[in-house]
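# Secondary and tertiary structure notes
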Amino acid sequence: MAAALLDHHAQGTVAVRSAGSAPADEVNPAVVEVMNELGLDVSREFPTKLTTDDVAASDVVITMGCGDACPVFPGKRYLDWQLDDPAGRTAEQIRPIRDDIEARVRRLLAELV
């Protein structure tokens, strides 16, 4: 959700990568539903594993509770967003998570551009 929202709001002004330390096999269908409500289609996205190269190529790394599983490089800006995991939740339960992520994304984007 964060990558899709940042990519949408940035309108090409920042490069966005999305990966996880323990990605699921597919995008949660309820996440697809709540993102569609904003006009964002994430149905064709697929979870990917976070690599050291992903982190090395990034200026800002947003983590969501990955702890020691995330590589750390000096000089990178790290933000750890403590969020509820949408896994196993309904669309109704995910909407507040989505809205929280969107607010954080907008604040971050305002700092970056």
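Look up a bit, the structure's there.
Residues numbered from 1 in each chain as written. Predicted model: local features only at pLDDT ≥ 70, side-chain atom pairs only at ≥ 80, totals over all residues. Heavy atoms only, no water.

## Examining the overall build of the chain
Helix and strand counts for the chain come out as four helices and two strands. Mapped from its N terminus to its C terminus, the chain presents α and β elements in the order α-α-α-β-β-α. A compact globule built from 113 residues would reach a C-alpha radius of gyration of about 13 Å, and the chain, at 14 Å, matches this within 12%. In terms of its C-alpha atoms, the chain occupies a principal-axis envelope of roughly 40 × 30 × 25 Å. The burial tally for the chain puts 29% of its 113 residues in the buried class. In the chain, the share of contacts with a sequence separation of at least 24, taken over all contacts with a separation of at least 6, comes to 58%. Accessible surface, the chain: about 7,200 Å² in total, of which carbon and sulfur atoms supply 48%. Charged side chains in the chain number 11 positive and 19 negative. The centres of these two groups are separated by 4 Å. (Helix = DSSP H or I, 4+ residues; strand = E, 2+ residues; numbered from the N terminus. Rg over C-alpha atoms; globule rule 2.2 N^0.38 Å. Buried < 20%, exposed > 50% of the residue type's maximum accessible area, 1.4 Å probe, protein only. Contact = heavy atoms within 4.5 Å. Areas by Shrake-Rupley, 256 points an atom, 1.4 Å probe, with all protein chains shown as cover. Lys, Arg positive; Asp, Glu negative; His and termini not counted. Charge placed at Lys NZ, Arg CZ, Asp CG, Glu CD.)

## Quick word on helix α2 (residues 29–36)
Within the sequence span of α2, burial applies to A30, V31, V32, V34 and M35. Capping of α2 at its N-terminal end is provided by N28; its side-chain oxygen lies 2.8 Å from the backbone amide nitrogen of A30. (Polar contact = N/O pair within 3.5 Å; in protein donor to acceptor, adjacent residues only side chain to side chain.)

## Comments concerning helix α4 (residues 91–112)
Along an α-helix, a turn takes 3.6 residues, which lines up residues three or four apart on a common side. Here α4 contains 22 residues, and its C-alpha end-to-end distance of 30 Å stays within 8% of the 32 Å for a straight helix at 1.5 Å per residue. Listed as buried for α4 are A91, I94, I97, R98, I101, E102, R104, V105, L108 and L109. Against the buried residues of α4 lie α1 (2–10), α2, β1 (60–63) and β2 (77–80). (Expected span 1.5 Å × (residues − 1).)

## Some thoughts on unusual backbone geometry
A positive phi angle, close to 50 degrees, is found at Q11, a residue other than glycine. Among the residues examined, Q11 registers a relative accessible area of 68% and is labelled exposed.

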